[in-house]
Amino acid sequence: MSESVREIVARPAAGGTARVRGWVKTARHSKGVSFLEVSDGSSFDGLQVVVPPELENYESELRHAGTGWAIEADGELVDSPGKGQRYELQATRVQVVGAVDEDYPLQKKRHSFEFLRTIAHLRPRTNTIGAVLRVRNAAARAIHAFFQERGFVWLHTPIITALDAEGAGEMFRVSTLGAGESDFTGDFFGRETFLTVSGQLEAEIGALALGNVYSFGPTFRAENSNTSRHLAEFWMVEPEMAFCDLRGNAELAEAFLKHVIRAVLEACPDDMAFFEKRIAPGILENLQHVVDSPFECLTYTEAVEILDASGRKFEFPVKWGVDLQSEHERFLAEEHVKRPLVVTDYPKGIKAFYMYRNDDDRTVRAMDVLVPGVGEIVGGSQREHRRDVLERCMGEAGLSAADYGWYLDLRRHGSVPHAGFGLGFERFVQFVTGMANIRDVIPFPRTPGSAEF
Ligand code: 4AD
Ligand code: MG
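In what follows, the accompanying structure is described. Predicted model, so just to flag it, every value in this text is computed and none were measured.

## Remarks on the overall build of the protein
Right, on to step 1. Helix and strand counts for the protein come out as twelve helices and 18 strands.
Right, on to step 2. With respect to the three principal axes, the spread of C-alpha positions in the protein is 85 × 55 × 45 Å.
Right, on to step 3. Taken over 453 residues, the protein has a buried fraction of 51%.
Right, on to step 4. Within the protein, residue pairs in contact and separated by at least 24 positions form 66% of the contacts whose partners lie at least 6 positions apart.
Right, on to step 5. As displayed, the protein has an accessible area near 21500 Å², and 51% of this comes from carbon and sulfur atoms.
Right, on to step 6. Across the protein, the 50 positively charged side chains and the 66 negatively charged ones have centroids separated by 3 Å.

## Brief notes about the nonpolar core
Right, on to step 1. Counting residues in hydrophobic clusters, the biggest one holds 59 residues, and the most contacted among them are F147, F256, L257, I261 and F428.
Right, on to step 2. Here F428 is in contact with A139, L257, V260, I261, I377 and L423, once residues within four sequence places are set aside.
Right, on to step 3. In this structure, L307, V343, A352 and M394 belong to the second largest nonpolar core, which totals 34 residues.

## A word on the site of ligand 1
Right, on to step 1. Lining the immediate environment of ligand 1, one finds 24 residues, of which E166, Q200, R221, E238 and E376 sit closest.
Right, on to step 2. A distance of 2.8 Å separates an oxygen atom of ligand 1 from a polar backbone atom of I377.
Right, on to step 3. The backbone of G379 places a nitrogen or oxygen atom 3.3 Å from an oxygen atom of ligand 1.
Right, on to step 4. Compared with its free state, where it exposes 630 Å², ligand 1 has 93% of that area covered by protein.
Right, on to step 5. Elements with a contribution of two residues or more to the shell around ligand 1: β11 (233-242), β15 (375-382) and β16 (418-424).
Right, on to step 6. Broken down by element, the residue count for the shell around ligand 1 peaks at five residues, all from β15.
Right, on to step 7. Of the residues that constitute the shell around ligand 1, the class distribution is eight nonpolar, eight polar and eight charged.

## Observations concerning the sheet that holds strand β1 (residues 17-30)
Right, on to step 1. In spatial order, the strands read β1-β2-β3-β5-β4; together these five strands close into a barrel with mixed pairing. Across the sheet, the mean angle from the axis of one strand to that of its neighbour is 50°, orientation sign disregarded.
Right, on to step 2. Pairing analysis gives five bridges linking strand β2 (residues 33-39) to strand β3 (residues 47-51), with the strands arranged antiparallel. Each bridged residue has a counterpart across the sheet, and for L36 the counterpart in β3 is V49.

## Some words on the packing of aromatic side chains
Right, on to step 1. Here the structure, examined in full by the defined rule, presents 20 aromatic pairs.
Right, on to step 2. With a centroid separation of 5.6 Å and 65° between ring planes, the pair formed by F274 and F275 is classed as edge-to-face. Both residues of the pair, F274 and F275, count as buried.
Right, on to step 3. Taking the centre distance of 5.8 Å and the plane angle of 75° together, the rings of F444 and F453 count as edge-to-face.
Right, on to step 4. Sitting over the face of the ring of Y346, K351 holds its NZ or CZ atom 4.2 Å from the ring centroid.
Right, on to step 5. Directly above the ring of W320 sits R362, whose terminal nitrogen or CZ lies 4.0 Å from the centroid.

## Thoughts on the pattern of salt bridges
Close approach of charged atoms lets side chains of opposite charge pair.
Right, on to step 1. One pass over the full model with this rule turns up 27 salt bridges.
Right, on to step 2. The residue R21 makes a salt bridge to E72 at a minimum N-O spacing of 3.2 Å. Of this pair, R21 sits in strand β1 while E72 sits in strand β4 (residues 70-79), placing them 51 residues apart in sequence.
Right, on to step 3. A residue is classified by how much of its surface remains accessible, and R21, at 40% relative accessible area, is partly exposed.
Right, on to step 4. With relative accessibility at 11%, the residue E72 sits in the buried group.
Right, on to step 5. For the salt bridge of R339 with E296, the shortest nitrogen-to-oxygen distance reads 3.7 Å.

## Here's the deal with the packing of helix α3 (residues 127-149) against helix α12 (residues 425-433)
Right, on to step 1. Axis separation between α3 and α12 bottoms out at 10 Å; the angle between their running directions is 120°. As judged from the angle between their axes, α3 and α12 are oblique. With respect to the hand of their crossing, α3 and α12 are arranged in right-handed fashion. On α12, the residues that touch V132, V135, R136, A139, A140 and I143 of α3 are F425, E426, F428, V429, V432 and T433.
Right, on to step 2. Its residues assigned to classes, the contact of α3 with α12 shows nine nonpolar, one polar and two charged.

## Quick look at the side chain of E238
Right, on to step 1. Here E238 shows up in strand β11.
Right, on to step 2. Buried charged residue E238 carries no salt bridge. Nearest counter-charge: R383, at 5.9 Å.
Right, on to step 3. Leaving out residues up to four positions away in the same chain, E238 has contacts with S198, G199, Q200, V213, Y214, S215, F421 and G422.

## Section: a nonpolar patch on the surface
Right, on to step 1. Taken together, the side chains of I159, I160, F188 and F189 make up a nonpolar region of the molecular surface, amounting to roughly 390 Å² of accessible area.
Right, on to step 2. By the secondary structure assignment, I160 is in strand β7 (residues 160-161).

## Some points on the sheet that holds strand β14 (residues 363-371)
Right, on to step 1. On the basis of which strands lie adjacent, the open sheet formed by eight strands has the order β6-β10-β11-β16-β15-β14-β13-β12 and mixed pairing. Every interior strand has two partners, whereas the edge strands, β6 (153-154) and β12 (296-299), have only one.
Right, on to step 2. Bridge count between β6 and strand β10 (residues 212-220): two bridges; the pairing is parallel. Paired with V153 across the bridge in β10 is V213.

Conventions used here
Residues numbered from 1 in each chain as written. Chains lettered and ligands numbered in written order. Predicted model: local features only at pLDDT ≥ 70, side-chain atom pairs only at ≥ 80, totals over all residues. Heavy atoms only, no water. Helix = DSSP H or I, 4+ residues; strand = E, 2+ residues; numbered from the N terminus. Buried < 20%, exposed > 50% of the residue type's maximum accessible area, 1.4 Å probe, protein only. Contact = heavy atoms within 4.5 Å. Areas by Shrake-Rupley, 256 points an atom, 1.4 Å probe, with all protein chains shown as cover. Lys, Arg positive; Asp, Glu negative; His and termini not counted. Charge placed at Lys NZ, Arg CZ, Asp CG, Glu CD. Core = buried A, V, L, I, M, F, W, Y, C linked by side-chain atoms within 4.5 Å. Near = heavy atom within 4 Å. Polar contact = N/O pair within 3.5 Å; in protein donor to acceptor, adjacent residues only side chain to side chain. Nonpolar A, V, L, I, M, F, W, Y, C, P; charged D, E, K, R; others polar. Pairing = 2+ DSSP bridges. Axes fitted to C-alpha atoms, helices over the stretch in contact; angles between N-to-C directions. Phe/Tyr/Trp six-rings, centres within 6.5 Å; stacked < 30°, edge-to-face > 60°. Lys NZ or Arg CZ within 6 Å of the ring centre and 35° of its normal. Salt bridge = Lys/Arg side-chain N within 4 Å of Asp/Glu carboxyl O. Parallel < 35°, antiparallel > 145°, perpendicular 65-115°, else oblique. Left-handed = near helix turned anticlockwise from the far one by under 90°. Patch = residues over 30% accessible without salt bridge, like charges linked within 9 Å, V, L, I, M, F, W, Y side chains within 5 Å.

The following block contains the structure:
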């Protein structure tokens, strides 16, 4: 393997030879010399390759090189007289590995994100999507590092499951039955199965054995929401902690989010500078502010009072007992506190059956983390660990004790208070990059009516 562009530009000084392999981002051909900016994906900026006409294939090939061409270049690394780059490669040999056909769609400079979604096989080569994918990678790495450093065990929760963890019925069925067949006892697993909506219930099993665990993987929701914040397939990070209450859960969420933001700022300064300049001016300062200041904390009841008193006309009117809509969440985060906030103790009627029931019997120990620009990025709770209360809540939710016998079992054998949350990974990437549409922060988005590749 040759050095990556990222490694080459990190050399302490010019001098010596280097080899770069990648794709031409831009080509400038002037009299007697050509400049090819070559990107290999390792960093936001490519390396400028200066191609002299003495090269034997200059007239036949290199003089015609353009955006998208794959090349391999050897040469001398020299200080660049040009602005905006430290070094350039004075080429002594350039081999064309793969030219592009005339209809290469990324020739022109600016394309809309809508258009780029129609060429998802090529869009990772663009500045924006390349930067998004590197940020995504840095965030994923930081997520594992955060939990691993704290002794959390990564638990691989199943993707195929028989459970509707959230009880919202938004599941994709997994089946090998033919059309018209509906007897699931004859199906592959001998029962009805689905793609998971959340690994939480299995993570609870892990927490009640290993203490602190987390799952991090794809989750699926068949909700027909064509919004800029919903995907049918998205990644979720779900820590679960034994001997933990809602306060400990909220503290973990805050430390976790700050850690991952800091790590992205540190690992991807050039990509983040691009988002600041081209996508979301002010984002660097906002993220620094998020890292430096404590999250606000409000109960749902307080949040509703604030929304009520705001005098703001919302599309969906607020009153105690109804779920907060995106417009309410964003008002609270963007205008009221101007930074992330944790909203706790929601009405039981709008939250899942597994949440710890407060003494008032009207609210549960739920928490959502709301952030400016996106709204809800984290949903979590303290779990109901008291068997009698859980059984009552499951009855109210219409769940059969037969299906959830094992879940109740965990409340009979060594039950302890425990809590956890789920971070929507793509919403987090939206938050740190400022990208407006969730379809543009995942390499292969799945949304109603669309599943390319
Ligand atoms: O709030 P949710 O539904 O919570 C759970 O699933 C819990 N079982 C998590 C837990 O406690 N372990 O989902 C968690 C997060 C949301 O806050 C949101 O960020 C994201 O997942 N999310 C989605 N992201 C993209 N597209 C969708 N359709 C999403 N639905 C939820
Ligand atoms: Mg939620």
